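Below, each chain spelled out in residue letters.
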Amino acid sequence: MSNLVNEADLSSSLDCPIVDGKRQVQHVAPRTADVGGIPVNRVLPSRHRRLIGAWCFLDHAGPAVFKGDSRGLRVGPHPHIGLQTFTWMIEGEVLHRDSLGNEQVIRPGQVNLMTAGRGISHTEESVPGESHLHAAQLWIALPEAHRRTDPRFDHYPTLPQWREGDVEMTLLTGEFGGHRAPTLAFSPLVGLDLAASSGGALELPLREEFEYGLLPLEGELAIAGERFATNELAYLGRGRRDVTIELPAGGRAILVGGEPLGEEILIWWNFVGHSKAEIIEAQRDWEAGSERFGSIPQFDGKRLEPPPLPWQA
């Protein structure tokens, strides 16, 4: 990612406006990006919405089918600071490697969570012979107090699952509906996957102090008769006790939410920082081959290089 994002640039409130007694829902359109040779729909960050809680990045990859001699997803070594990378796998298998020596295949129904802290690098690639990919890939900004925490990697093969009517719920992180996910978090968050078999309406309880967004991953999503296309984010803001949604047969959506971060953050390339100086230092360390980010010799390809910095030291 090559754009600069500053929380101070927020052009809209964390509270959606109320019109004729009805709280509105913000539509946030996606833009197309390329990650490791795979087209993705990116809804966070955008000029319309920068953050949802500490969630600062959201890509929807696929559903994709690889044909011919395609090797599928292939992302070379690249660094991160100040964030957690969060991968929710729906279809396909991807191999994660990092500079701490971790190697982990993620499969459908599982989450990979990498905490960058003061610095880490990693690679991602489809496993040999894999022909499908469908995943949500997100970043979580670390609060300033934890921005230099030790890097680590956690794999979650089993997550809380239950059914409410027609919808299968999978809790990816946080607490919801009396369930708690084991996923490591540094700020109050929630992530929930919703998969409907025959379709219908579902009421979701919400926390008024959280802000929320709903992203349709397959099929349309309707909120109070207002329709959101696949990959169009519905930003709910704060101040809601519940929301009723409608999913079609075979529909799928992801709910993300959290307490507003309340801190200024910057995003540049693959770095999240609380100051320009932090990001300048990280980029120069990566370009210099610093031991800070280690290496991944098992990957048989080139590492990624950043675009020129937008600031002077």
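Position labels on residues start from 1 in each chain and follow its written sequence. At least 70 in pLDDT is required for a residue's local features to be given in this predicted model, at least 80 for side-chain atom pairs to be given and counted, and no such filter applies to totals for whole chains, interfaces and linings, which use all residues. The side-chain numbers reported here are obtained from all heavy atoms of the structure, hydrogens and water having been left aside.

- The chain has the name Pirin family protein in an unreviewed UniProt entry, where Billgrantia desiderata is given as its organism.
- Per its UniProt entry, the chain bears the Sequence similarities (unreviewed entry) comment "Belongs to the pirin family." UniProt positions are given in the numbering used here, feature names are shortened, and annotations may be inferred rather than shown by experiment.

## Brief notes about the sheet that holds strand β10 (residues 94-98)
Here is step 1 of the chain: Two strands form a pair only when DSSP identifies at least two bridges running between them. Counting from the N terminus, the helices are the DSSP runs of H or I reaching at least four residues and the strands are the DSSP runs of E reaching at least two. Reading across the sheet, the four strands line up as β8-β13-β10-β11 and stay open at both edges, with antiparallel pairing between neighbours. Edge positions in the sheet fall to β8 (74-80) and β11 (103-106), since each has one partner strand and no second. On average, adjacent strands in this sheet sit at an angle of 20 degrees to one another, irrespective of strand direction.
Here is step 2 of the chain: With four bridges joining them, β10 and β11 adopt antiparallel strand pairing. Lines fitted to C-alpha atoms define the axes here, with helix axes fitted over just the stretch in contact, and angles between the N-to-C directions of these axes take values from 0 to 180 degrees.

## A few points about the pairing of strand β26 (residues 252-258)
Here is step 1 of the chain: Of all seven residues in β26, seven are buried, a share of seventy percent or more.
Here is step 2 of the chain: Pairing between strand β19 (residues 189-196) and β26: seven bridges, direction antiparallel. Paired with Asp-193 across the two strands is Ile-254, which belongs to β26.
Here is step 3 of the chain: By the bridge criterion, seven bridges tie strand β21 (residues 211-218) to β26 in an arrangement that is antiparallel. Within the sheet, the bridge partner assigned to Gly-213 lies in β26 and is Val-256. The rule is simple: take the accessible area with a 1.4 Å probe, protein chains only, and divide by the maximum for that residue type; under 20% is buried, over 50% is exposed, in between is partly exposed.

## Regarding the UniProt feature "domain: Pirin C-terminal" (unreviewed entry) in the chain
Here is step 1 of the chain: Within the UniProt annotation, "domain: Pirin C-terminal" (unreviewed entry) is assigned to residues 192-289.
Here is step 2 of the chain: Secondary structure content for residues 192-289 is 12% helix and 50% strand, and the end C-alpha separation is 38 Å.

## Examining the pairing of strand β7 (residues 55-65)
Here is step 1 of the chain: Counting buried positions over the 11 residues of β7 gives nine, a clear majority of the element.
Here is step 2 of the chain: Pairing of β7 with strand β14 (residues 132-141) involves eight bridges; the strand directions are antiparallel. Counted as the bridge partner of Val-65 is His-132 from β14.

## What to know about the environment of Gln-104
Here is step 1 of the chain: By secondary structure assignment, the location of Gln-104 is in strand β11.
Here is step 2 of the chain: Gln-104 sits 49 residues away from Phe-153 along the chain, and the two C-alpha atoms are 9.5 Å apart.
Here is step 3 of the chain: Polar contacts here mean pairs of N or O atoms no more than 3.5 Å apart (in protein, one a potential hydrogen donor and the other a potential acceptor; neighbouring residues in sequence count only if both atoms are side-chain atoms). Reaching out from Gln-104, the side chain makes a polar contact with the side chain of His-155 at a distance of 3.4 Å.

## Let's talk about the layout of surface pockets
Here is step 1 of the chain: With a 1 Å grid spanning the protein atoms alone, the term cavity applies to any set of points in which a 1.4 Å probe fits but cannot get out, the term pocket to an open set with protein on both sides within 12 Å along at least five of seven lines, and the term lining residue to any residue with an atom within 4 Å of a point. Grid points are joined across faces, edges and corners, and a volume is the space filled by probe spheres set on the points. In this model, the largest pocket occupies a volume close to 390 Å³.
Here is step 2 of the chain: Along the wall of the largest pocket there are 25 residues; nearest its centre are Val-35, Val-75, His-78, Trp-139 and Asn-270.
Here is step 3 of the chain: Here the lining of the largest pocket takes five residues from β8, the largest share from any one element.
Here is step 4 of the chain: Residues are grouped as follows: nonpolar covers Ala, Val, Leu, Ile, Met, Phe, Trp, Tyr, Cys and Pro; charged covers Asp, Glu, Lys and Arg; every other residue, Gly included, is treated as polar. Of the residues that constitute the lining of the largest pocket, the class distribution is 10 nonpolar, 10 polar and five charged.

## A word on the nonpolar core
Here is step 1 of the chain: Among buried residues, the Ala, Val, Leu, Ile, Met, Phe, Trp, Tyr and Cys ones that are joined through side-chain atoms within 4.5 Å form a nonpolar core. Core analysis: the biggest nonpolar cluster contains 40 residues, and Cys-56, Phe-86, Trp-88, Ile-265 and Val-272 have the highest contact counts within it.
Here is step 2 of the chain: In terms of residue count, the dominant contributor to this core is β14 (five residues).
Here is step 3 of the chain: Contacts are assigned to residue pairs that have any heavy atoms within 4.5 Å of one another. The contacts of Cys-56, once residues within four sequence positions are left out, are Leu-44, Pro-45, Arg-50, Leu-51, Trp-139, Ile-140, Ala-141, Ile-265, Ile-267 and Val-272.
Here is step 4 of the chain: If you look at the next biggest cluster of nonpolar residues, it comprises 27 residues, including Val-25, Leu-204, Tyr-212 and Ala-253.

## What to know about the side chain of Asp-154
Here is step 1 of the chain: Mapped onto the fold, Asp-154 is located in strand β15 (residues 152-156).
Here is step 2 of the chain: Among the residues examined, Asp-154 registers a relative accessible area of 14% and is labelled buried.
Here is step 3 of the chain: Side-chain polar atoms of Asp-154 contact the side chain of Arg-152, separated by 2.8 Å.
Here is step 4 of the chain: Ignoring any residue separated from it by four or fewer positions in sequence, one finds Asp-154 in contact with Val-111, Asn-112, Leu-113 and Leu-184.

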